[in-house]
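Examination of the molecular architecture
The chain contents come next:
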Amino acid sequence: MMAPRLPSITASALVVHALSPMAHAAPIATRDVCTTAMAAADSAENDYNAIKKDLERRTADDSQPDQSKLQALQDADAKRVMTASQAQRACGP
């Protein structure tokens, strides 16, 4: 009765051994995804801040920003929130 179990035990050991390099590679791939997501979030934050600063400067000069500038700020804010959320998911808690 022991003979039939030996091949399944050997096969299981081979699978575990074959998968072990992949387990070590996963954190590196995850780290790269996190780094890329954080860079995108930082870039979106910088873009948003630049547009907001420009609008604040224009309103301080008593000029009313046109609708396209306000829309650009809203779009930049949406991108900022989206990329921050993606970075949080990619990097974990």
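Bear in mind that the values here come from a model prediction, so they are computed numbers and not experimental data.

Another aspect to go through is the confidence of the model for the protein chain. Here the protein chain averages 78 in pLDDT, and 69% of its residues register 70 or above. Contacts for the low-pLDDT stretch residues 8-26, under 50 throughout, to residues beyond four places or in other chains number 0 contacts.

Once that is clear, we can look at the state of the cysteines. One pass over the structure, following the stated rule, counts 1 disulfide. One disulfide in the model links cysteine 34 with cysteine 91; its S-S distance is 1.9 Å. Every disulfide takes its handedness from the sign of the S-S torsion; for cysteine 34 and cysteine 91 that torsion is 105°, giving right-handed. Taken together, the residues cysteine 34 in helix H1 (residues 2-60) and cysteine 91 in helix H2 (residues 67-91) connect sequence positions 57 residues apart.

Given 3.6 residues per turn, any residue in an α-helix points the same way as the ones three and four places further on. In this model H2 runs 36 Å from its N-terminal to its C-terminal C-alpha over 25 residues, within 8% of the 36 Å that 1.5 Å per residue would give. Directly after H2, the chain includes glycine 92, whose backbone phi takes a positive value near 80°.

Assignment of secondary structure puts arginine 80 in helix H2. Spatially, the C-alpha atoms of arginine 80 and serine 43 are 8.4 Å apart, while their sequence positions differ by 37 residues. If we skip the residues at most four places from it in the chain, arginine 80 touches Ala44, Glu45 and Tyr48.

Right, let's talk about the pattern of salt bridges for a bit. For the coordinates displayed, the defined rule picks out 4 salt bridges. Note that arginine 57 and aspartate 54 form a salt bridge whose closest N and O atoms lie 2.5 Å from each other. Of this pair, arginine 57 and aspartate 54 both sit in helix H1, 3 residues apart, which is roughly one turn of that helix. Judged by its relative accessible area of 46%, arginine 57 is partly exposed. Taking relative accessible area as the criterion, aspartate 54 reaches 22% and is therefore assigned partly exposed. Three or more residues joined by partner-sharing salt bridges are found here, namely Glu45, Asp77 and Arg80.

Inspection of the secondary structure puts proline 65 in the loop between H1 and H2. A relative accessible area of 10% places proline 65 in the buried class. Distance in space between the C-alpha atoms of proline 65 and aspartate 54 is 9.5 Å, their sequence separation being 11 residues. Setting aside residues up to four positions removed in sequence, proline 65 forms contacts with Leu55, Thr59 and Leu70.

Rules behind the numbers
Residues numbered from 1 in each chain as written. Predicted model: local features only at pLDDT ≥ 70, side-chain atom pairs only at ≥ 80, totals over all residues. Heavy atoms only, no water. pLDDT = per-residue confidence, 0-100. Contact = heavy atoms within 4.5 Å. Disulfide = S-S within 2.5 Å. Helix = DSSP H or I, 4+ residues; strand = E, 2+ residues; numbered from the N terminus. Expected span 1.5 Å × (residues − 1). Salt bridge = Lys/Arg side-chain N within 4 Å of Asp/Glu carboxyl O. Buried < 20%, exposed > 50% of the residue type's maximum accessible area, 1.4 Å probe, protein only.

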